[in-house]
Each structure stands twice: as structure tokens, then as C-alpha cells.
Amino acid sequence: MLDIDTPQPITREELQPLLERLAADAPRCFGEGKVASYIPALAEVEPDQFGIAVCHADGSVQYAGDAATRFSIQSVSKAHALVLAMQQLPPDELWARVGREPSGQAFNSIVQLEVENGVPRNPFINAGALMVTDMLVSKLWMPQNTLRDQIRRLSNTPEVDFDERVARSEMDHKAHNAALGYLMQAYGNIHSDVEMVLDTYFHSCALSMNCIELAKSFAFLANQGVNPFDGQPVLTPVQTRQVNALLLTCGLYDAAGDFAWRVGLPGKSGVGGGIVAILPRRMSICVWSPRLDSYGNSIAGRHALEGLVSGLNVTPLG
Ligand code: GLU
């Protein structure tokens, strides 16, 4: 038998100085990358900020840096939208219209969509999120409010709301996402009014939350599908495992492989600079720093997650 030394995970007391050290080190990354500017309202964000929050599976939180500053969650909301769709639709119906494979393409790529007859590769690229939003629009009376209310419950924060300025700014610069929506409609895969789908999708992206709230809103994925704040099941344990698998393979666009290599946790990024990661059965994590790499992922955020995973002494894939 091989005698492998299993490292002991650090305690909560040891975690706090680790979070503070990661926040203190973050400015080293501030020289690199740019704030997303293709959505004008996002371009105004002060770039040199950094926050980190951990929500343990029991709902308790630890944080450091600018963890209480709200930002635009952008594509992190695609994970929330998928969870709502999994609650609302039978699996056969849902997965007939969107795939579960990494795309290897940019988050808003249209190339693959035409080659693959208007069926998006996965729910975390823009085309896939628009498809999921279409299903929610067909199914729910007020989809964006249902999604917001679910996130309020999951984060145990009734104040979570849309930043209407960001939503409007996205609608004013909708051309690329509109092209994705209308192309899928041309293939018969979008069933509702495309403009309504776009408006709902932009509102989900325009939810304004901080690291603490966002980490809390994903705690159920670290707790076998149960929301620790009210004890209610959100997903079954099997669905929870499936969402985490999809986050690992598709959550960081065409940099998902590199993120898995470096961090080794299921995650979801957004162009607002937030990244959420899940350590199954242990904790959900949110890091935020607005400067992005060329893939649209936060540079300081990813760097901090690498430091956190090595400092935690856990090796979920090892
Ligand atoms: N609202 C953004 C868009 O649709 C989200 C992109 C992202 O965060 O990756 O372009």
C-alpha cells in the first residue's frame, strides 16, 4: 500500500489570516488586465478593488478586503438561472435545447452556434444562458423577479436587487446578444419573444451583490443542495453534483481547462470581475476584482483562488 500523507484542512481560525493575506497581496495584480468596457456602465467601476468571502456549508461567513462592496454579478447569474430552470423543467425538455459540453469558444461566440444548428454547447456561454432564459420566460409569469427572489432567499439577503442602469446599458448595447437570440430563433429553438428574453437576461446579469451575498447564494451547492439559511432543498444531491460538474467543465468559458488546472474547483465567472467557486460539502467562495484577462475572467480573483486552495490544504481533485 502506498503511504500517502493526507494534509489536514486548516481550521476556521487559521482561515481568517489567510483571507486577509490574500486581500493584502491582491494589489500585486492591479497592473494587469482591464475592466470590461463593452458595457458602458461597467467601464465606470474603480478597477483596483478586491474582495473575498467564504460561506461555510452551515451558512457562517468569513471575509476580507472589499467583500461588502456591491458589483454587477453579470454571468455568475447564469448559474442561478440554470438552477431555476432545473427546478422548473423536466430534465429531458431542458437538455434537449442546450448541451453540457465545454465550448472552447469565447463567452459570446456566435461561430459554433451556426455550425451546431442553433443549439448552444452549454448553459454558461451567452447563447446557452439566453436559451435557459427563454425557457424561464415561457414557464414563469415574472421570470426576472422569480430569479431575484430565489437569490434573495439563497443569500438570506432581502435587499438584493437589479442595477437598472446596468440593465439599460446592456439593452442599449444589445447587438451581439440579440444576434445570438435571433439566430437561435431562426433555428426554431427560442420560443418566446427575443426582446423579452434579452431584457430578462440583462436584468439577471445586472443583479448587484457583494462577495458575502454571492458566496452565501451558492452555499447550497456546497451543502448537497440544501439552503443552509432555511433548511429547504434547492436541488437534489444528484442535481447538485451535476451543476458542480458543469461549473468545473464550462464555468470559465474558454479558460475552464486552465482554471481547473490551477484552482481545481467548480466555478463561475462574470465580466463584472466576480468569480464564485465551490468546495463541495465544505464551502462556497466568492472573489471579486474588476480587472479582467482576455477571456473575461478576473485576474486578481483567479490568483487569489489559487492561493486559497493551496492555503486551505484541501485537494478535491487530488
Ligand atoms: N451581460 C454580459 C453579456 O451578456 C455577461 C457576460 C459575462 O459576464 O461573461 O455580454
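So, here is what we can say about the structure in this document. (Residues numbered from 1 in each chain as written. Predicted model: local features only at pLDDT ≥ 70, side-chain atom pairs only at ≥ 80, totals over all residues. Heavy atoms only, no water.)

1. Thoughts on the site of the ligand
Inference 1: The local shell around the ligand consists of Tyr38, Gln74, Ser75, Phe107, Asn126, Glu170, Asn177, Tyr201, Cys205, Tyr253, Gly270 and Val271.
Inference 2: Asparagine 177 is positioned with one of its side-chain polar atoms (N or O) 3.0 Å from an oxygen atom of the ligand.
Inference 3: Contact with the protein chains hides 99% of the accessible area of the ligand, taken as 290 Å² for the molecule alone.
Inference 4: Of the residues contributing to the shell around the ligand, the split by class is six nonpolar, five polar and one charged. (Near = heavy atom within 4 Å. Polar contact = N/O pair within 3.5 Å; in protein donor to acceptor, adjacent residues only side chain to side chain. Areas by Shrake-Rupley, 256 points an atom, 1.4 Å probe, with all protein chains shown as cover. Nonpolar A, V, L, I, M, F, W, Y, C, P; charged D, E, K, R; others polar.)

2. Describing the environment of glutamate 164
Inference 1: Tracing the backbone through its elements, the reader meets glutamate 164 in helix 8 (residues 164-172).
Inference 2: The class of glutamate 164 is partly exposed, set by a relative accessible area of 38%.
Inference 3: Taking the C-alpha atoms as reference points, glutamate 164 and serine 217, separated by 53 residues in sequence, lie 21 Å from one another. (Helix = DSSP H or I, 4+ residues; strand = E, 2+ residues; numbered from the N terminus. Buried < 20%, exposed > 50% of the residue type's maximum accessible area, 1.4 Å probe, protein only.)

3. A few points about the packing of aromatic side chains
How two aromatic rings sit relative to each other is set out by the distance from centre to centre and by the angle between their planes.
Inference 1: Under the definition given, this model contains four aromatic pairs.
Inference 2: Judged by centre distance (5.4 Å) and plane angle (45°), the ring pair of phenylalanine 107 and tyrosine 253 falls under tilted. Residue phenylalanine 107 is found in the loop between helix 4 (91-97) and helix 5 (111-115), and its partner tyrosine 253 is found in the loop between helix 12 (237-250) and helix 13 (256-262); the two are separated by 146 residues along the sequence.
Inference 3: Centroid distance tyrosine 201 to phenylalanine 202: 5.6 Å. Interplanar angle 50°. Geometry classified as tilted.
Inference 4: Judged by relative accessible area, tyrosine 201 falls into the buried class, the value being 4%.
Inference 5: Phenylalanine 202 sits in the buried class, given a relative accessible area of 1%. (Phe/Tyr/Trp six-rings, centres within 6.5 Å; stacked < 30°, edge-to-face > 60°.)

4. Quick look at the side chain of threonine 157
Inference 1: If you trace the backbone, threonine 157 turns up in the loop between helix 7 (143-155) and strand 4 (161-162).
Inference 2: Judged by relative accessible area, threonine 157 falls into the buried class, the value being 6%.
Inference 3: For threonine 157, the contacting residues outside a window of four places in its chain are Arg70, Arg152, Glu213 and Lys216. (Contact = heavy atoms within 4.5 Å.)

5. Side note on the environment of glutamate 159
Inference 1: With respect to the element layout, glutamate 159 can be found in the loop between helix 7 and strand 4.
Inference 2: Residue glutamate 159 is classed as exposed on the basis of its relative accessible area of 52%.
Inference 3: Distance in space between the C-alpha atoms of glutamate 159 and methionine 209 is 9.3 Å, their sequence separation being 50 residues.

6. Remarks on the sheet that holds strand 4
Inference 1: One open sheet holds the three strands; their spatial order is 3-5-4, and the pairing between them is antiparallel. The open sheet has two edge strands, strand 3 (71-72) and strand 4, and neither has a second partner.
Inference 2: Bridge count between strand 3 and strand 5 (residues 207-209): two bridges; the pairing is antiparallel. Its bridge partner lying in strand 5, phenylalanine 71 is registered against methionine 209. (Pairing = 2+ DSSP bridges.)

7. Focus on the packing of helix 3 (residues 77-88) against helix 12
When two helices pack together, their arrangement is given by the angle between the helix axes and by the axis-to-axis distance.
Inference 1: Helix 12 packs onto helix 3 with a crossing angle of 145° between their chain directions and a minimal axis gap of 12 Å. Once helix 3 is placed against helix 12, the crossing between them reads as right-handed. Across from Ala79, Leu82 and Met86 in helix 3, the residues of helix 12 making contact are Gln239, Gln242, Val243, Leu246 and Leu247. (Axes fitted to C-alpha atoms, helices over the stretch in contact; angles between N-to-C directions. Left-handed = near helix turned anticlockwise from the far one by under 90°.)

8. Focus on the nonpolar core
Inference 1: The biggest cluster of nonpolar side chains holds 64 residues, and the ones touching the most others in it are Leu94, Leu214, Phe218, Leu221 and Leu235.
Inference 2: Broken down by element, the residue count for this core peaks at eight residues, all from helix 6 (residues 126-139).
Inference 3: Apart from residues no more than four positions distant in its own chain, phenylalanine 218 is found in contact with Val76, Ala79, His80, Val276, Ile278 and Ser284.
Inference 4: Among the nonpolar cores identified, the runner-up in size contains 31 residues, and Leu15, Ala64, Ala277 and Leu308 belong to it. (Core = buried A, V, L, I, M, F, W, Y, C linked by side-chain atoms within 4.5 Å.)

9. Description of the sheet that holds strand 7 (residues 274-279)
Each strand in a sheet pairs with another by means of backbone hydrogen bonds, the pair being arranged parallel or else antiparallel.
Inference 1: Pairing is antiparallel across the open sheet formed by five strands, whose spatial order is 2-1-8-7-6. Of all strands in the sheet, those bounded by a partner on one side alone are strand 2 (61-65) and strand 6 (267-269). Across this sheet, the average inter-strand angle for adjacent strands is 10°, counted without regard to direction.
Inference 2: Each of strand 1 (51-56), strand 2 and strand 8 (283-288) is contacted by helix 1 (residues 12-25), which is oriented at about 25° to strand 2, the strand it contacts most.
Inference 3: Its contacts with the sheet place helix 14 (residues 299-312) against strand 1, strand 7 and strand 8, and it is angled at close to 145° to strand 8.

10. Some remarks on the pattern of salt bridges
Inference 1: Across all of its chains, the model carries 15 salt bridges by this definition.
Inference 2: In this structure, arginine 70 engages glutamate 213 in a salt bridge whose closest nitrogen and oxygen atoms are separated by 2.6 Å. Of this pair, arginine 70 sits in the loop between strand 2 and strand 3 while glutamate 213 is found in helix 11 (residues 211-217), placing the two residues 143 residues apart along the sequence.
Inference 3: Given a relative accessible area of 39%, arginine 70 falls into the partly exposed group.
Inference 4: In this structure, arginine 302 and glutamate 306 form a salt bridge, with 3.3 Å as the shortest nitrogen-oxygen distance. A residue pair is termed a helical-turn pair when its members lie 3 or 4 positions apart in one helix, as arginine 302 and glutamate 306 do in helix 14 at four residues.
Inference 5: Look at glutamate 306 and you get partly exposed, because its relative accessible area is 23%.
Inference 6: It is possible to trace a salt-bridge network through shared partners that takes in Arg148, Asp149, Arg152 and Asp161. (Salt bridge = Lys/Arg side-chain N within 4 Å of Asp/Glu carboxyl O.)

By themselves, these are just geometric observations and shouldn't be taken as functional.
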